[in-house]
Amino acid sequence: MAKTGFIGLGAMGQPMAANLGRQGHDLFVYDIFQHRTPPLRDLGATVAGSVAEVAEQAGVVVTMVPDSPEVEAVVLGPGGILDSGTAGQLVMDMSTIAPETTDRVAAALHEAGRAFVDAPVGRLVTHAEAGTSLFMVGAADTDLERVRPLLEAMGDTILHCGGPGAGIRSKLVNNFLVVGINQMNAEALALAQGFGLDLATILKVIGGTTASNGQLSVNWPNKVLKGDLSPGFRLALAHKDVSLAVESARKMGIPVFAGAVAREGCAMGMATDGYADNDFSGIADAVAGLANLPPPRLA
Ligand code: NAD
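Residues numbered from 1 in each chain as written. Predicted model: local features only at pLDDT ≥ 70, side-chain atom pairs only at ≥ 80, totals over all residues. Heavy atoms only, no water.

(A) The side chain of Gln14, seen in detail. Inspection of the secondary structure puts Gln14 in helix α1 (residues 13–22). Apart from the residues lying within four places of it in its own chain, the contact partners of Gln14 are Leu9, Arg36, Pro39 and Leu40. (Helix = DSSP H or I, 4+ residues; strand = E, 2+ residues; numbered from the N terminus. Contact = heavy atoms within 4.5 Å.)

(B) Expanded view of the pattern of salt bridges. Inspection of the entire model under this criterion finds 10 salt bridges. Among the ionic pairs, Asp156 bridges to Arg123, the shortest N-O distance being 2.8 Å. In this pair, Asp156 sits in strand β9 (residues 155–162) while Arg123 sits in the loop between β7 (121–122) and α7 (125–130), placing the two residues 33 residues apart along the sequence. Among the residues examined, Asp156 registers a relative accessible area of 49% and is labelled partly exposed. (Salt bridge = Lys/Arg side-chain N within 4 Å of Asp/Glu carboxyl O. Buried < 20%, exposed > 50% of the residue type's maximum accessible area, 1.4 Å probe, protein only.)

(C) Layout of the site of the ligand. Among the 23 residues in the neighbourhood of the ligand, the closest are listed as Met12, Asp31, Arg36, Pro66 and Thr96. Here an oxygen atom of the ligand sits 3.4 Å away from a polar atom, N or O, in the main chain of Gly10. Note that an oxygen atom of the ligand is positioned 3.2 Å from one of the backbone N or O atoms of Val65. Contact with the protein chains covers 77% of the free accessible surface of the ligand, which is 830 Å². (Near = heavy atom within 4 Å. Polar contact = N/O pair within 3.5 Å; in protein donor to acceptor, adjacent residues only side chain to side chain. Areas by Shrake-Rupley, 256 points an atom, 1.4 Å probe, with all protein chains shown as cover.)

(D) Focus on helix α13 (residues 257–273). For α13, built from 17 residues, the straight-helix expectation of 24 Å at 1.5 Å per residue is met to within 8% by its first-to-last C-alpha distance of 24 Å. All of the buried residues along α13 are Ala258, Gly259, Gly265, Cys266, Gly269 and Met270. Down the axis of α13, the smallest arc covering the buried residues is 125°, so these residues share one side. Exposed residues pointing more than 90 degrees away from the buried face of α13 are listed as Phe257, Val261, Ala271 and Thr272. (Expected span 1.5 Å × (residues − 1). Arc of directions from axis to C-beta.)

(E) Examining the environment of Pro120 more closely. Relative to the helices and strands, Pro120 resides in the loop between β6 (115–118) and β7. Exposure remark for Pro120: the relative accessible area of 0% places this residue in the buried category. For the pair Pro120 and Ile97, spaced 23 residues apart in sequence, the C-alpha to C-alpha distance is 8.8 Å. Sequence-distant contacts of Pro120, that is, excluding residues within four places in its chain, are made with Asp93, Met94, Ser95, Leu134, Phe135, Met136, Gly167, Ile168 and Lys171.

(F) Inspection of the side chain of Asp31 at higher detail. Along the chain, Asp31 turns up in the loop between β2 (27–30) and α2 (38–42). Buried within the structure, Asp31 lacks any salt-bridge partner; its nearest side chain of opposite charge belongs to Arg36, at an N-O separation of 4.5 Å. Side-chain polar atoms of Asp31 contact the backbone nitrogen of Leu9, separated by 2.6 Å. Those residues within four positions of Asp31 in sequence are excluded, and the remaining contacts are Gly8, Leu9, Gly10, Arg36 and Thr37. (Lys, Arg positive; Asp, Glu negative; His and termini not counted.)

(G) Geometry of the environment of Ala55. Note on placement: Ala55 falls in helix α3 (residues 51–57). Owing to a relative accessible area of 0%, Ala55 belongs among the buried residues under this scheme. Considered as a pair, Ala55 and Gln193 are 138 residues apart in the sequence and their alpha carbons are 53 Å apart. Ignoring anything within four residues of it in the chain, the contact list for Ala55 reads Val61, Ile81, Ser84, Gly85, Thr86 and Gln89.

(H) Broad picture of the nonpolar core. Phe6, Met16, Met92, Met94, Leu151 and Met154 are the most contacted members of the largest nonpolar core, which has 32 residues in total. For this core, the elements supplying multiple residues, two or more each, are α1, β2, β4 (60–63), β5 (90–93), β6, β8 (133–138) and α8 (141–154). Looking at this core element by element, the count peaks at six residues for α8. When sequence neighbours within four positions are dropped, the list of residues in contact with Leu151 reads Met92, Met94, Ala119, Phe135, Val137, Leu144 and Ile158. Membership of the second largest hydrophobic core comes to 21 residues, among which are Tyr30, Val51, Val61 and Ile81. (Core = buried A, V, L, I, M, F, W, Y, C linked by side-chain atoms within 4.5 Å.)

(I) Layout of a nonpolar patch on the surface. Taken together, the side chains of Phe195, Leu197 and Met252 present a nonpolar region at the surface, about 270 Å² in accessible area. Tracing the backbone through its elements, the reader meets Met252 in helix α12 (residues 235–252). (Patch = residues over 30% accessible without salt bridge, like charges linked within 9 Å, V, L, I, M, F, W, Y side chains within 5 Å.)

(J) How the structure looks around helix α4 (residues 68–76). Residues Ser68, Val71, Val74 and Val75 constitute the buried set of α4. On an axial view of α4, the arc spanned by its buried residues comes to 135°, and they lie on one face. In this fold, the buried residues of α4 make contact with β1 (4–7), α3, β4, α5 (81–84), β5 and α6 (99–111).

(K) Spotlight on unusual backbone geometry. Of note, the phi angle at Arg123 is positive, near 80°, even though the residue is not glycine. The class for Arg123 is partly exposed, based on a relative accessible area of 40%. Of note in this structure, Asn213 is not a glycine but carries a positive phi near 55°. Turning to its location among the elements, Asn213 is positioned in the loop between α10 (199–207) and α11 (214–222). For Asn213, a relative accessible area of 27% puts it in the partly exposed group.

Right, dumping it as structure tokens:
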């Protein structure tokens, strides 16, 4: 089996590389913090002293570092993969970074006759440990097949999102929603506490309705995404409900930034598009319209 390089052994990289090692992949690992490497040495990995040492040895090099500057440094910087690697080598960046950096790195590698895959990671550290991560892959078909055995050793869901760059863009869409919902979750629980509700019970309520994002997986595919704007739940009623909640929060002195924005989003939809009596998922059309995009529809 060709040697696999793994650069960046932090909270995610450590368990991901460990899963590769456990499944018999011949690993060369590197992290600027050498104290991160002993667990992988114990699994049989060779610990390299630099990025260059990894790049000289490995047919595929995985990078899992914090952000765009680190990926630029590791791939394009002096002594980086581009300087030290070999023709035909494939670099798979799994970090979450700016799409423009992904494009720059992909172009530089392609120009040098190397292959590039972006495969950022969904889910949590616990999934990385269990080998049940989800990967959003941007790659040419042949390059995806080259890295598939590695991805299968580290996760259980591989989604081919398009060519190089499509993976990282999918990741940003996903995490935009994750972080936005995180804020709404925080505000909803503060509202529940302000009302003096039992947290365990309200979690059961939320878990039993579309509040825990069944909107996107249950309601939207059957409504706005197939062009059916008939209500369902009218936008005017959604506006009323979120306004009641925001008003209650105001009375209790609980800041609900995201909730207030959602209320104004409803108001915008009703005022400018006359969507008040449409299903409230129709807000997707109103937002797309503001950006001069076509209404989002599933084929
Ligand atoms: P981390 O900070 O724990 O680990 C990053 C590792 O990269 C560190 O060990 C650091 O020493 C190493 N590193 C930094 N610069 C380096 C360089 N020039 N050469 C070699 N090693 C270098 O971060 P993490 O939580 O493992 O996340 C890695 C990436 O994955 C990030 O882009 C993050 O946004 C993304 N991500 C994180 C999670 C999560 O739950 N932690 C989930 C999915 C995706």
